[in-house]
Amino acid sequence: MRDLRTLGHSGLLVSPLTLGTMTMANPGWGSDEKESGRILDRFLQAGGNAIDTADVYADGATEELLGRLISDRGIRDAVVIATKYGFGGGGGLVTGGAGRATMVRALEGSLRRLATDRIDLYWMHTWDGLTPASEVVQGMADLIAAGKVSHWGLSNTPAWFAAQAITLARAHGLPTPIALQLEYSLVARDIEREHVPAARELGMGVVPWSPLAGGFLTGKYRRDDPAAAAGGRLTKDNPFSDSKFTDHNWAVLDALAEVAEGVGRPAAEVATAWVLDRPAVDTVLVGARTLDQLNTSLAAAEHPLPSDARERLDAASAQDLGYPYDIFTPRMAANICGGGTPVHRLR
Ligand SMILES: NC(=O)c1ccc[n+]([C@@H]2O[C@H](COP(=O)([O-])OP(=O)(O)OC[C@H]3O[C@@H](n4cnc5c(N)ncnc54)[C@H](OP(=O)(O)O)[C@@H]3O)[C@@H](O)[C@H]2O)c1
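Values in this document were obtained by computation on a predicted structure and should not be read as measured data.

## Looking at the overall build of the protein chain
So, step 1. On a plain count of helices and strands, the protein chain comes out with 11 helices and 10 strands.
So, step 2. Whereas a compact globule of 347 residues would reach a radius of gyration of roughly 20 Å, the protein chain reaches 20 Å, a difference of no more than 12%.
So, step 3. Taken along the three principal axes of its C-alpha coordinates, the protein chain extends 55 × 50 × 40 Å.
So, step 4. By sequence separation, contacts in the protein chain at least 24 residues apart represent 76% of the contacts at least 6 residues apart.
So, step 5. Accessible surface, the protein chain as shown: approximately 15,400 Å² in total, 53% of it carbon and sulfur.
So, step 6. Across the protein chain, the mean location of the 33 positive side-chain charges is 2 Å away from that of the 41 negative side-chain charges.

## Digging into the nonpolar core
So, step 1. Counting 102 residues, the largest nonpolar core has Tyr85, Tyr122, Val136, Leu154, Leu217 and Leu256 as the members making the most contacts within it.
So, step 2. Examining the composition of this core, we find that eight residues originate from one element, helix α8 (residues 267–276), more than from any other.
So, step 3. Leave out the neighbours within four places in its chain, and Leu154 touches Trp123, Met124, Val136, Phe161, Ala162, Ala165, Pro177, Ala179, Leu180 and Gln181.

## Focus on the packing of helix α1 (residues 33–45) against helix α2 (residues 61–73)
So, step 1. For the pair α1 and α2, the least separation of the axes is 11 Å and the interaxial angle reads 55 degrees. It follows that α1 is oblique to α2 by the angle criterion. Crossing handedness for the pair α1 and α2: right-handed. Facing α1, whose interface residues are Glu33, Ser36, Gly37, Leu40 and Asp41, α2 presents Leu65, Arg68, Leu69 and Arg73.
So, step 2. For the contact of α1 with α2, the per-class residue count stands at three nonpolar, two polar and four charged.

## Structural notes on a nonpolar patch on the surface
So, step 1. A cluster of nonpolar side chains, contributed by Tyr323, Ile327, Phe328, Met332 and Ile336, occupies part of the molecular surface with about 550 Å² of accessible area.
So, step 2. With respect to the secondary-structure elements, Phe328 resides in the loop between α10 (307–317) and α11 (330–336).
So, step 3. Owing to a relative accessible area of 53%, Phe328 belongs among the exposed residues under this scheme.

Reading the values: the criteria
- Residues numbered from 1 in each chain as written.
- Predicted model: local features only at pLDDT ≥ 70, side-chain atom pairs only at ≥ 80, totals over all residues.
- Heavy atoms only, no water.
- Helix = DSSP H or I, 4+ residues; strand = E, 2+ residues; numbered from the N terminus.
- Rg over C-alpha atoms; globule rule 2.2 N^0.38 Å.
- Contact = heavy atoms within 4.5 Å.
- Areas by Shrake-Rupley, 256 points an atom, 1.4 Å probe, with all protein chains shown as cover.
- Lys, Arg positive; Asp, Glu negative; His and termini not counted.
- Charge placed at Lys NZ, Arg CZ, Asp CG, Glu CD.
- Core = buried A, V, L, I, M, F, W, Y, C linked by side-chain atoms within 4.5 Å.
- Buried < 20%, exposed > 50% of the residue type's maximum accessible area, 1.4 Å probe, protein only.
- Axes fitted to C-alpha atoms, helices over the stretch in contact; angles between N-to-C directions.
- Parallel < 35°, antiparallel > 145°, perpendicular 65-115°, else oblique.
- Left-handed = near helix turned anticlockwise from the far one by under 90°.
- Nonpolar A, V, L, I, M, F, W, Y, C, P; charged D, E, K, R; others polar.
- Patch = residues over 30% accessible without salt bridge, like charges linked within 9 Å, V, L, I, M, F, W, Y side chains within 5 Å.
- Salt bridge = Lys/Arg side-chain N within 4 Å of Asp/Glu carboxyl O.

See the structure below:
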């Protein structure tokens, strides 16, 4: 794997690929303890150091399994453990949300299940549409001051909320969010409108989730019969199964298949390599149900795409940025800036 890099403007060093664990211990579309251990060992052996999980995965069973795997191997200090809070359970109690009470209670549960005394990177899993940025900033600052969390980040949040959080933290001398964890793939480029420019401007790393769109970009699903990939995650009941089979996405998949054939690599590897080298991306969350799947994703870090392949994929998967971004074309930039096409030296 390529060298470790800092995550956003921080001293946290992560590998270019982070091992996603949403599949581990998941009874419906995941892997058991033995396969999860093999996947973890292979990831570490390939030079990976960062592991992403969440309190909500398999109702806590994923964190418990990960805690066992890490303790059994005695590798706690050699890995970056990231977990998340905010998606609560049901049962009539307020067990979720982004607020401070949930943040503190959830962290205690994660520490216990992961059998550790600190979380290296703690994520707000999703904004709840209610909690003010100031509450999240101060809550994270207090957890860091208590030594229970080292760094923090924001997942699934509007870009304005992230911009407000990092600005507040800076203004008050508090620890800033260092990264944004967001869906990003050849068929999910919405974050290029607001989140990627905000991350670059403000010094946060982008950490894409679902780089293969839950398996869609592996090429195993067929337009005439999406269920053909029998047993594939998108044929099963889960939060990722219903939205990928659109005309636009099938066209992107056709282009991906052509590019993959051209470079002689599997579609899954090419799709992951495309995300890995996008601007602002520091580390990509790879998801694997089997060891073979992990090996394909790991190869993406060894085989960067040639520029013509990248340009073909950029064009085939482009999304309309819409207003006001359609104003900022090179032609308009020349009008605004008095001739020529000025370049920002830091971007
Ligand atoms: N912050 C968030 O809200 C959020 C949301 C989602 C995920 N995440 C994180 O991101 C990580 C990665 O997300 P993801 O699992 O959705 O990633 P993904 O790479 O888009 O999907 C992974 C799935 O694709 C299939 N697959 C992978 N490689 C394959 C291959 N070579 N050939 C055929 N099928 C293959 C497998 O499913 P099947 O074999 O079962 O079809 C696998 O479980 C998660 O583990 C989690 O840590 C975060």
